[in-house]
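A closer look at the structure
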Amino acid sequence: MRVIIHENEKKIGTWLGDYIAACINEFNPTANKPFVLGLATGSSPITTYARLIEIHKEGRLSFEHIITFNMDEYVDLPQDHPESYYSFMWKHLFNHVNIKKENVHIPNGNAKDLTAECLAYEAAIQKAGGVHFFLGGIGVDGHLAFNEPGTSLSSRTHIQKLNYETRLVNSRFFNNDINQVPKEAMSVGVATVMDSKEVALIVTGHNKARALHKVVEGSVSQMWTASALQMHPSAMIVCDENACSELKVGTYRYFKEMES
């Protein structure tokens, strides 16, 4: 697993946006050979999406033959709610690029049969040929997507109860009122992410330092679900200096030297 350390979030966004664009362009997607991109929400990927939009507007990246799958969505939150992940993705990325609406896949947390929706979502990923590149983040407790601590590392797309800490952190998007934060979400599983050909996680800020330490230096554990990426053949964590405060000095220096 690569650990790439940048000074701040803006530099992470620039570097990662350039990296993803290069991956897509090297793949050279076509109608018969689309590039499948897994995406995340929250504050972490916003600068990366801004960079991808910038590259697209410069004429150096097309989304015409890209299929996207988002990691998660709240259950029972209206699709047009400003804090739904559907709204987030169209606001921060899709409305600004030439992606086809039929190529956008976001879990439907309002489906009548949520179990069937989970199975259908997983099947859609498989039908598309699997995800080529999954972009994600981690929670302060090391969760990947909405796979909270204790989630099976062999999990697939499922309905996940959100713990108090996750809802408290996300309440900043809901007028700081935890009672407005949905109690459940539909999330891809850990195994779903592990099946992708390449994964990159963004980790920023002092509040993610303990999670980064556990994910990079700790053992693989269902209590820190992002730690499963230690077993992925092509995974990287892109983090800022603030998130590195709990890494061992030797670990920090090693990865700085490796990526210099």
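Preceding this section is the structure that the text describes.
These remarks concern the structure in this document. The structure presented is a predicted model; accordingly, all values stated were derived computationally and were not measured.

1. Structural notes on the side chain of Arg-51
Relative to the elements of secondary structure, Arg-51 occurs in helix α2 (residues 46–57). In contact with Arg-51, not counting residues within four places along its chain, are Gly-13, Thr-14, Gly-17, Asp-18, Glu-58 and Arg-60.

2. A look at the nonpolar core
Residues Met-71, Val-188, Leu-201, Leu-212, Ile-237 and Cys-239 are the most contacted members of the largest nonpolar core, which totals 38 residues. Secondary-structure elements contributing two or more residues to this core are β1 (2–6), β3 (66–70), α4 (114–127), α6 (190–194), β9 (198–203), α7 (209–217) and β10 (235–240). Per-element accounting of this core gives the leading share, four residues, to α7. Beyond its immediate stretch of four places on either side in the chain, Leu-201 contacts Gly-136, Gly-137, Ile-138, Leu-144, Ala-226, Leu-229, Met-236, Ile-237 and Val-238. The next biggest cluster of nonpolar side chains, apart from the first, holds 32 residues, and it includes Ile-53, Ile-55, Ile-66 and Trp-90.

3. So, the packing of α2 against helix α3 (residues 85–92)
Where α2 contacts α3, the axes come no closer than 10 Å and their chain directions differ by 40°. Here α3 runs oblique to α2, going by the angle between their axes. Here α2 contributes Ile-46, Tyr-49 and Ile-53 to the contact with α3, which in turn contributes Phe-88, Met-89 and His-92. Within the contact of α2 with α3, the residues separate by chemical class into five nonpolar, one polar and no charged.

4. Remarks on the sheet that holds β1
What the seven strands build is an open sheet, ordered β1-β10-β9-β6-β2-β3-β5; its pairing is parallel. The open sheet is flanked by β1 and β5 (104–105), the only strands paired with a single partner. Where β3 lies against β5, two bridges are found, and the strand directions are parallel. Across the sheet, the residue bridging to Thr-68 is Val-104, located in β5.

The rules behind each value
Residues numbered from 1 in each chain as written. Predicted model: local features only at pLDDT ≥ 70, side-chain atom pairs only at ≥ 80, totals over all residues. Heavy atoms only, no water. Helix = DSSP H or I, 4+ residues; strand = E, 2+ residues; numbered from the N terminus. Contact = heavy atoms within 4.5 Å. Core = buried A, V, L, I, M, F, W, Y, C linked by side-chain atoms within 4.5 Å. Buried < 20%, exposed > 50% of the residue type's maximum accessible area, 1.4 Å probe, protein only. Axes fitted to C-alpha atoms, helices over the stretch in contact; angles between N-to-C directions. Parallel < 35°, antiparallel > 145°, perpendicular 65-115°, else oblique. Nonpolar A, V, L, I, M, F, W, Y, C, P; charged D, E, K, R; others polar. Pairing = 2+ DSSP bridges.

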